[in-house]
Amino acid sequence: MRILKAAFLGIVVLGMAAAGQVEITFWSAPNPSQEVFWRQMAEAYMAAHPEVKITVSPMPETPTSEAGILAAIAGGVAPTASENVFIGFGSELVRSRALVPWNTFAGWEDLVRARNISATIKCWEFPDGNYYIIPMYVNAMLTAWRIDILRELGYEKPPRTYSEVLALGERLKAVYPDKFLWLRSELEVPTWWQRWFDFFVFYYAASKGQPLITGNTITADDKAAVEVLRFFKALRDKKLLITEPLAEGFEVGKTVMTVLGPWTFPWWKENYPELVYGETFVLSPPPVPDWYPATEPVYTFADAKGVVLYAQTAPEQQKAMWDFIRWVLSDPEHDLLWIKITGMLPARDDVGTNPLFTAYVEEKEPALLPYAKSIAFAVPPIAHPQFVEIQERMGLECIYPVLTGELSPEAGWEAWKTSIKDLLK
Amino acid sequence: MKWQKELGGWLLASPYLLSAVLFFLIPLGWSISLVFFDWNLISPVRTYIGLDNFREALSSTRVYNAFLNTYKFMAIIVPGVLVSSLSLALIVHHLPRLKQFYAVGFFLPYLASGVAIGLVVRGLLAYDSPFNEFLRQVFGSSPRWLRDPVWAVLVIGFMIIWKFSGYYALIFLAGLQGIPRELYEAASLDGAGPFTQFRKITLPLLYPAFYTVLVLAVGLCFGIFTEPYVLTGGGPRFATHTWQLEIYYQAFERFRAGYGAAVAVFNALATFISILIIRRIVEAWGARRGFR
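Draft legend 1. Quick look at the overall build of chain B. A count of helical and extended segments in chain B gives 13 helices and two strands. Here the C-alpha coordinates of chain B stretch approximately 75 × 75 × 35 Å along the principal axes. By the burial criterion, 44% of the 292 residues in chain B qualify as buried. Contacts spanning at least 24 positions in sequence make up 67% of the contacts within chain B whose residues lie at least 6 apart. In the structure as shown, chain B presents an accessible area of about 15,900 Å², 70% of it carried by carbon and sulfur atoms.

So, in structure tokens, the structure goes:
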């Protein structure tokens, strides 16, 4: 079967080579705006390079984009490259020898320099010293606050520490008994990736970005982790945290705090135009424990994804894709276009300082500025191949029992650490 | 001549046979071959691990919960769907007109997307839904519908009953329409009231339909996926975790195709044995009462 597939692939590539054209395929994320960006890039590139034909299509969305990629590789129909791969899933693909390292192509160093990612790229190095993922965007997770409601309560800026948050919550309940501070119904659901948007955000803030796991070792800051769990429990006990679904929460002011990524803004613009940055909501780094120094920067979780090159395709196609990706990522104007189309910040060291980006963001998308400033303190997902089960067990063994009072925060944290030992081998 | 007749039969059956081979037998054989390997479907390395996947599944809390929860769901869904679908069938059967219209109407939930229904139910049971606001005003509190282990099972159970009642009602309706009217007329002449007629004529003659619906409903409980996937993610604390959620989680989220296939084999065995036992019990009960 494999021989037949290889023969077929060879015939196709040879046929196209004879016709003087290499055909490559690119899967964009299942997000219409990202698809628009890649289509524009492909059209512009093909206009200047008629020897290449690029087909851009969105990757399968159901059941998950990861499962879609997996099924495509298993079925022998993987694209030449795709975006939307985070480092955890990338590790699984690397373990399965499904990816080609980008740094093996001539011109890699030029790309790193041209895109200004020499600092950012360090987080994306794999244990074998290779770079299989070129980071496309980094969404630092921040907390959004309904400043209009906070002002009614006598606050001019969001609270910084846990005690301040709890005090705000008590004031909120005294004035508006039906409102909640935070809606997080997923906190009681074990779904692994939901931990990115609750525990990880608060944990990295409390621990100054201390990794949870390094290699096969738990390197978490225990004190910070327990403090976060205590904070969640206190919010729940004071009825400031609601873990049941609400039809609408932050958007209509039923809650005053939420953990937010910048991808929400286009949706808000369309559905909740009354939400205006600086007027109805503001952004801040995640709250921190009371002992956290006010002068220190606050870390957070980074929803960061990038572009990978699949090993299943022919070397000519891989080379053609490398040339295309290098062309896209070497021009800062393309990254500006990315911001304009997707509303997300490109993974660049200079995204918060380069006037090309800051001028646009300040004028057109001021809500993105705090995200740009936080990128330097945003920690990407854990890279362990067992990331799914590690994060699933965090919900099951730790967060849920702590919230329901079955375990103390200390016992819950120890339970999670004990439960993942068998995975870290 | 005979071979021509046979060929015609084979030709007519061929679409089904072909789809059964393509979408059932080949995947089944492939799944069985997977269970002995630690493999994620894409790695060039397939590690042979013998029966380790089965051993792991047998000692897994997740699998144990899926196994147990199936019977919890069965205890709610099977009686619920039997009563509701039979009731619907009786109502539609006794309608003076527009029977087909109502029968199709009740069948519609079966065609609706499980995800869409899940989202509607999620909205209906949201903390701030009018229904919950009403409950809080009248009773002072509202249940944590999707976050309480008992309520979550009941909500999912009732969603499935609602979805499948119309479909199973069609089976009962076909059974009801097959009962000769003369039997009821003769019973009336003998002085039998509606309840006696139902007990002595309708129920015994509906036995084949009852048997079919029962077997389908039991099988259905082993295939629950969309409702808990959308509403609870299998929680709280595995209270709504099912076989299909476990297979999906292992194969498509943890990329453990071999282990997922081993769980699927256990699921198939549990389904087969459960249906076999229930069939035997119902057949014995039917035989004792002279229904078959």
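There's more to say after this.
Draft legend 2. Spatial organisation of the side chain of Ser 82 of chain A. Residues and elements named next belong to chain A. Mapped onto the elements of the fold, Ser 82 is located in strand β3 (residues 81–85). At 2.7 Å, the side chain of Ser 82 and the side chain of Tyr 310 are in polar contact. In this structure, Ser 82 is in contact with Phe 26, Trp 27, Met 59, Ile 69, Gly 306, Val 307, Val 308 and Tyr 310, ignoring residues within four places of it in sequence.

Draft legend 3. Main features of helix α13 (residues 257–288) of chain B. Compared with an ideal rise of 1.5 Å per residue, which puts 32 residues at 46 Å, α13 of chain B spans 46 Å between its outermost C-alpha atoms and is within 8% of the ideal. Downstream of α13 of chain B by a residue or two, Gly 290 of chain B has a phi angle that is positive, lying close to 75°.

Draft legend 4. Seen up close, the pattern of salt bridges. Residues and elements named next belong to chain A. Within this structure, the stated rule accounts for 34 salt bridges over all chains. Across the salt bridge formed by Asp 335 and Arg 348, the nearest N and O atoms sit 2.8 Å from each other. One end of the pair, Asp 335, is in helix α12 (residues 332–342); the other, Arg 348, is in the loop between α12 and α13 (355–364), and 13 residues separate them in sequence. You'll find Asp 335 and Arg 348 in the same group, each marked buried.

Draft legend 5. Fine view of the nonpolar core. Counting 144 residues, the largest nonpolar core has Trp 38, Phe 199, Leu 212 and Trp 413 of chain A as the members making the most contacts within it. Element by element, the count of residues in this core is highest for helix α9 (residues 222–237) of chain A, at nine residues. Once residues lying within four places of it in the same chain are set aside, the contact partners of Phe 199 of chain A are Leu 212, Ala 225, Val 228, Leu 229, Phe 232, Met 394, Ile 399 and Trp 413 of chain A. Core analysis: the next-biggest nonpolar cluster, separate from the first, contains 66 residues, Phe 73, Tyr 211, Ala 217 and Trp 243 of chain B among them.

Draft legend 6. Here's a closer look at the pairing of strand β12 (residues 300–309) of chain A. Residue and element names in this part refer to chain A. The element β12 is extensively covered by neighbouring structure, given that 10 of its 10 residues are classed as buried. Pairing analysis gives six bridges linking strand β4 (residues 134–140) to β12, with the strands arranged antiparallel. By the bridge assignment, Tyr 137 is partnered in β12 with Lys 305. The pairing of β12 with strand β13 (residues 378–379) spans two bridges and is classified as parallel. Bridge pairing links Phe 301 to Val 379 in β13.

Conventions and cut-offs
Residues numbered from 1 in each chain as written. Chains lettered and ligands numbered in written order. Predicted model: local features only at pLDDT ≥ 70, side-chain atom pairs only at ≥ 80, totals over all residues. Heavy atoms only, no water. Helix = DSSP H or I, 4+ residues; strand = E, 2+ residues; numbered from the N terminus. Buried < 20%, exposed > 50% of the residue type's maximum accessible area, 1.4 Å probe, protein only. Contact = heavy atoms within 4.5 Å. Areas by Shrake-Rupley, 256 points an atom, 1.4 Å probe, with all protein chains shown as cover. Polar contact = N/O pair within 3.5 Å; in protein donor to acceptor, adjacent residues only side chain to side chain. Expected span 1.5 Å × (residues − 1). Salt bridge = Lys/Arg side-chain N within 4 Å of Asp/Glu carboxyl O. Core = buried A, V, L, I, M, F, W, Y, C linked by side-chain atoms within 4.5 Å. Pairing = 2+ DSSP bridges.

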